[in-house]
Amino acid sequence: MPKVLVSDPIDQVGIDILSQVATVDVKTNLTPEQLVQIIPEYDALMIRSGSRVTKEIIDAGTQLKIIGRAGVGVDNVDVPAATRRGIVVVNSPEGNTIAAAEHALAMMLSLSRYVPDANSSVKSGQWDRKSYVGAEVYKKTLGVVGLGKIGSHVANVAKAMGMKLIAYDPFISTERADQLGCRLVELDLLLREADYITLHMPKTPETTHLIDAEALAKMKPNARIINCARGGIIDEVALAEALKNGQIAGAALDVYETEPLGESALRALGKQAILTPHLGASTAEAQVNVAIDVAEQIRDVLLGLPARSAVNIPGISPDVMEELRPYMQLAETLGKFVGQLAGGRVELLNVKLQGELATNKSQPLVVASLKGLLSQALRERVNYVNAGIEAKERGIRVIETRDAAVKDYAGSLHLEAKGSLGAHSVTGALLGDGEIRITDIDEFPINVPPSQHMLFTLHRDMPGLIGKIGSLLGSFNVNIASMQVGRKIVRGDAVMVLSLDDPLPDGILTEITKVPGIRDAYTVTL
Ligand SMILES: NC(=O)c1ccc[n+]([C@@H]2O[C@H](COP(=O)([O-])OP(=O)(O)OC[C@H]3O[C@@H](n4cnc5c(N)ncnc54)[C@H](O)[C@@H]3O)[C@@H](O)[C@H]2O)c1
Ligand SMILES: O=C(O)[C@H](O)COP(=O)(O)O
C-alpha cells in the first residue's frame, strides 16, 4: 500500500478518503529537518500553510508522486522543484473561498465597531461605552484590491450592505467589474477614495509591499485596511507607524510577513488594530471542503488517474498530450509573450492554428495559450485545467480560427490579444529539433528564439537608432545576447527584438521610449 504523510491538521473526512487506498500517518509540527528525514518513505504529502515544502524536502522525497495543499495558496511549496521532479502539486482553489471572504468581512465590521477590544474590556470587568463609538459601513466606499474569487464574494456581500464599490485589478475586464457593481479604478485613486480597503490578490513580486509608506500616506485619515490575502503585501513596519501616528484609522490582518508572527510593533497597537492568526480558511465547512477536494485528488493520482486541480501538470489525456507536447510549450510561450505586449486587461484572444495545426485537436493549444496569457496575473494558480474557466471569469473572449495553408513552417500558431491598451499579435513555430521560433510580432516578420528577458521596440527604420538603443542598454550595464530587426518597407515602420542577459533595470524603458524614432517599447519576461 502507498503511504501518505499528513503534516498539518486536516479534517478527518480527508484522512478517511486517503485510508481507502493508502496507509496514512498524521504527524504535525515537524521541523524541516524531521520532514527531510522521514519524507523518503512517503508517496504523497498532504499539507496546509503550516508546512514549508522546500526543494530539500522535495529532493529527499524520492517516492513522492503528489503534494496536496488543503487550501488555495501553494506559496509554501517549491512548485518548480516539484515540477522538475515530476511531482504533481494539487490544491483546492475554491474550497475556502467563502470562509476567507467572510473572515475579511468580519474583520471590516470588527474594525468599525472595535468588537475585539470592547469584548476584552467587558470580560475584564469594565462597562466602557464611550471608548468604543464606531463607524458604519453603510454608504461608505469599499476598495477591493484583487477581484478574483474571494474579492468577488466580498464585493457581493458589501454591496448588499449598502457600500459603494471600487476595485483595482489589472487583469480583470471592465465587464466583469460591472457585473459585480464595482467601478474599476487605478490603485492610486482607490487608495485616495476608499474608506475601507480589502486585499485579495496573490503575493507576487509586483504585490510585495504594494501597500508601503507611500501608499499608506495616500489613504484617508478615516480609512481602514484589511489583509486576509498574504503576508508581505503590506509593509508591516510602515503600517504600524501609520496606525501609531493616526495617519489611518485601522487595520485588520490575518496574514503576516513571517508566520507565526514574532516580535512586532503591531502587537503593541490598541483598538485600531486587529490581528488574527491566519484564520481565513478556518471554518468547519471550508476544512471539510478542502480536505475532500485534496484527499480525493491524492487518492486518484495514487490510483494512476489524473488530478482535477493540478497546479503544475496538464490534465489532458496522455496520448493527445504526447502528440501536442512540443506545441503546448509554444502556445504557452506565445500566450505569455502576447499578454505582456497587450498590457493588463485583455478582452479578446484570437488563437489561429496554421498549417498542420489546423487539422489538430486544438483545445489543449487554446488552453495552453490562455495559461501563458493568464500566468502574469495568476502565477502558479492557473493551470491547464482551470485556464479556460479563469479566462471566462475575467471576461476574456476566446476566438479560434484555422488556416490549413502551409506557410514557412509545417505548423505555426498565431495569437492576437486585444485589450484596453490596444491589440498585439505574435506568431511562432517549431524547428525540426523542436526549438521554438517567434516568426512574427505585430505583423512584422522576424526569426528569434524566445529568451527569459526580452526587449521589443516599434520604431521608425532610420540610421543610428539601433546603435543608440545599444549604447543606452550598455550605460545601464545590460548585456545584449542577440538582436533582430524586422521591417516591411525601407525607412518605414520597423521592430527590434533583443534578447538580454539581464532583466531591464527600473526606469530604462522610459529612457528608451524617449529616443527619437521609437514609437513604443515593451519588456517581456518568459
Ligand atoms: N487568509 C486565508 O486563510 C486565505 C484563504 C484563502 C485564500 N487566501 C489568499 O487570498 C488571496 C486571493 O485568493 P483567491 O482565491 O480570490 O484568488 P484568485 O486567483 O481567484 O484571485 C486573485 C485576483 O488577484 C488579481 N491580481 C493579481 N495581481 C494583482 C495585482 N498586482 N493587483 C491587484 N490584483 C491582482 C488577479 O487578477 C485575480 O483576479 C490569495 O492570496 C490567497 O492565497 C487567504
Ligand atoms: O491559501 C489558503 O488556502 C489559506 O491561506 C489557508 O491556509 P490554511 O489552510 O493554513 O488555513
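Just so you know, these numbers come straight off a predicted model, no measurement behind them.

**Quick word on the overall build of the protein chain**
Alright, step 1. In terms of regular secondary structure, the protein chain is built from 17 helices and 22 strands.
Alright, step 2. Relative to the globule expectation of 24 Å for 526 residues, the C-alpha radius of gyration of the protein chain, 25 Å, shows essentially globular dimensions.
Alright, step 3. With the C-alpha coordinates of the protein chain rotated into their principal frame, the extents come out at 85 × 60 × 40 Å.
Alright, step 4. Across the 526 residues that make up the protein chain, the buried fraction comes to 52%.
Alright, step 5. Relative to all contacts within the protein chain whose residues are 6 or more apart in sequence, the contacts with residues 24 or more apart total 65%.
Alright, step 6. Averaging the locations of the 53 positively and 62 negatively charged side chains of the protein chain gives two centres separated by 5 Å.

**Overview of the confidence of the model for the protein chain**
Alright, step 1. The pLDDT averaged across the protein chain works out to 93; a share of 97% of its residues lies at or above 70.
Alright, step 2. We note a pTM of 0.76 for the whole complex and an ipTM of 0.99 for its interfaces.

**Quick word on the nonpolar core**
Alright, step 1. One finds Leu349, Leu413 and Ile441 to be the most contacted residues of the largest nonpolar core, which totals 47 residues.
Alright, step 2. Of all the elements, helix α13 (residues 318–342) adds the most residues to this core, at 10 residues.
Alright, step 3. Mapped onto the domain boundaries, this core takes at least three residues apiece from domain 3 (314–450) and domain 4 (451–526).
Alright, step 4. With near-sequence residues (within four places) excluded, Leu349 lies in contact with Val338, Ser369, Leu370, Leu373, Ile396, Arg397, Val398, Ile399, Leu415, Glu416 and Ala417.
Alright, step 5. Among the nonpolar cores identified, the runner-up in size contains 33 residues, and Leu187, Ile225, Leu239 and Ala273 belong to it.

**Quick word on the UniProt feature "domain: ACT" (unreviewed entry) in the protein chain**
Alright, step 1. Here, UniProt's "domain: ACT" (unreviewed entry) annotation points to residues 454–526.
Alright, step 2. Helix makes up 25% of residues 454–526 and strand makes up 42%, while its end C-alpha atoms are separated by 8 Å.

**Observations concerning the site of ligand 1**
Alright, step 1. Near ligand 1 there are 29 residues, and of these Lys149, Ile150, Asp169, Met201 and Arg394 occur at the shortest range.
Alright, step 2. Here an oxygen atom of ligand 1 and a backbone polar atom of Ile150 are 2.9 Å apart.
Alright, step 3. One of the side-chain nitrogen or oxygen atoms of Asp169 is found 2.7 Å away from an oxygen atom of ligand 1.
Alright, step 4. Coverage of ligand 1 by the protein chains reaches 97% of its 870 Å² of free accessible surface.

**Notes on empty space enclosed by the protein**
Alright, step 1. Within the structure shown, the criterion is met by one cavity of 30 Å³ or more.
Alright, step 2. In this structure, the largest cavity spans a volume of roughly 90 Å³.
Alright, step 3. Contributing to the lining of the largest cavity are Phe171, Gly339, Gly343, Gly344, Arg345, Val346, Leu373, Leu374, Gln376, Ala377 and Ile396.
Alright, step 4. In terms of residues, the lining of the largest cavity owes the most to one element, helix α14 (residues 363–378), which gives four residues.

**Describing the pattern of salt bridges**
Alright, step 1. Under the definition given, this model contains 22 salt bridges.
Alright, step 2. With a shortest N-O distance of 2.8 Å, Asp43 and Lys65 are connected by a salt bridge. On the criterion of sequence distance, the pair formed by Asp43 in the loop between α2 (32–38) and β3 (44–47) and Lys65 in the loop between α3 (55–60) and β4 (66–69) is long-range, its members being 22 residues apart.
Alright, step 3. Taking relative accessible area as the criterion, Lys65 reaches 36% and is therefore assigned partly exposed.

**Regarding the sheet that holds strand β14 (residues 397–403)**
Alright, step 1. The strand order across the open sheet built from six strands is β14-β13-β15-β16-β17-β18, with neighbouring strands paired in mixed fashion. The open sheet terminates on both sides in strands that have one partner only, identified here as β14 and β18 (444–448). On average, adjacent strands in this sheet sit at an angle of 20° to one another, irrespective of strand direction.
Alright, step 2. Of the strand pairs in this sheet, strand β15 (residues 411–419) and strand β16 (residues 422–430) are connected by eight bridges, and their pairing is antiparallel. When the sheet's bridge partners are listed, Ser412 is paired in β16 with Ala429.

**Focus on the domain arrangement of the protein chain**
A common way to state how big an interface is: give the accessible area lost once the parts meet.
Alright, step 1. As far as domains go, the protein chain holds domain 1 (3–94 + 286–313), domain 2 (97–275), domain 3 (314–450) and domain 4 (451–526).
Alright, step 2. A C-alpha centroid distance of 41 Å is found between domain 2 and domain 4.

**Topic: the packing of aromatic side chains**
Alright, step 1. By the definition in use, this model includes one aromatic pair.
Alright, step 2. Lys271 extends its terminal NZ or CZ atom over the ring of Tyr114, reaching a point 4.8 Å from the ring centre.
Alright, step 3. Over the ring of Phe444 we find Lys488; its NZ or CZ atom is 4.5 Å from the centre of that ring.

**Structural notes on the site of ligand 2**
Alright, step 1. In the vicinity of ligand 2, the contacting residues are Arg48, Ser49, Arg69, Ala70, Gly71, Val72, Gly73, Asn96, Arg230, His278 and Ala281.
Alright, step 2. Take Arg69: an N or O atom from its side chain is 2.8 Å from an oxygen atom of ligand 2.
Alright, step 3. Note that an oxygen atom of ligand 2 is positioned 2.7 Å from one of the backbone N or O atoms of Gly73.
Alright, step 4. Within the complex, the protein chains bury 92% of what would otherwise be the 320 Å² of accessible surface of ligand 2.
Alright, step 5. Looking at the shell around ligand 2, its residues break down into three nonpolar, five polar and three charged.

**Quick word on the layout of surface pockets**
Alright, step 1. Estimated volume of the second largest pocket: approximately 270 Å³.
Alright, step 2. Lining the second largest pocket are 14 residues, and of these Gln354, Lys407, Thr427, Thr439 and Asp440 lie nearest its centre.
Alright, step 3. The element best represented in the lining of the second largest pocket is β18, accounting for three residues.
Alright, step 4. Among the residues forming the lining of the second largest pocket, the class breakdown is three nonpolar, six polar and five charged.

**Re the sheet that holds β4**
Strand pairing in a sheet relies on backbone hydrogen bonds. The paired strands run either parallel or antiparallel.
Alright, step 1. Sheet architecture is open: five strands sit in the order β2-β1-β3-β4-β5, paired in parallel fashion. Every interior strand has two partners, whereas the edge strands, β2 (23–26) and β5 (88–90), have only one. Mean inter-strand twist for the sheet, computed between neighbouring axes without regard to direction, equals 15°.
Alright, step 2. Here strand β1 (residues 3–6) pairs with β3 via three bridges, running parallel. Looking across to β3, one finds that Leu5 is bridged to Leu45.
Alright, step 3. Helix-sheet contacts for helix α12 (residues 284–302) involve β1, β3, β4 and β5, and the interaxial angle to β3 is about 175°.

Rules used throughout
- Residues numbered from 1 in each chain as written.
- Chains lettered and ligands numbered in written order.
- Predicted model: local features only at pLDDT ≥ 70, side-chain atom pairs only at ≥ 80, totals over all residues.
- Heavy atoms only, no water.
- Helix = DSSP H or I, 4+ residues; strand = E, 2+ residues; numbered from the N terminus.
- Rg over C-alpha atoms; globule rule 2.2 N^0.38 Å.
- Buried < 20%, exposed > 50% of the residue type's maximum accessible area, 1.4 Å probe, protein only.
- Contact = heavy atoms within 4.5 Å.
- Lys, Arg positive; Asp, Glu negative; His and termini not counted.
- Charge placed at Lys NZ, Arg CZ, Asp CG, Glu CD.
- pLDDT = per-residue confidence, 0-100.
- Core = buried A, V, L, I, M, F, W, Y, C linked by side-chain atoms within 4.5 Å.
- Domains from an automatic or database assignment.
- UniProt positions renumbered as here; feature names shortened; annotations may be inferred.
- Near = heavy atom within 4 Å.
- Polar contact = N/O pair within 3.5 Å; in protein donor to acceptor, adjacent residues only side chain to side chain.
- Areas by Shrake-Rupley, 256 points an atom, 1.4 Å probe, with all protein chains shown as cover.
- 1 Å grid on protein atoms, 1.4 Å probe; cavity = no way out; pocket = protein on both sides within 12 Å on 5 of 7 lines; lining within 4 Å.
- Points joined across faces, edges and corners; volume = space filled by probe spheres on them.
- Salt bridge = Lys/Arg side-chain N within 4 Å of Asp/Glu carboxyl O.
- Pairing = 2+ DSSP bridges.
- Axes fitted to C-alpha atoms, helices over the stretch in contact; angles between N-to-C directions.
- Phe/Tyr/Trp six-rings, centres within 6.5 Å; stacked < 30°, edge-to-face > 60°.
- Lys NZ or Arg CZ within 6 Å of the ring centre and 35° of its normal.
- Nonpolar A, V, L, I, M, F, W, Y, C, P; charged D, E, K, R; others polar.

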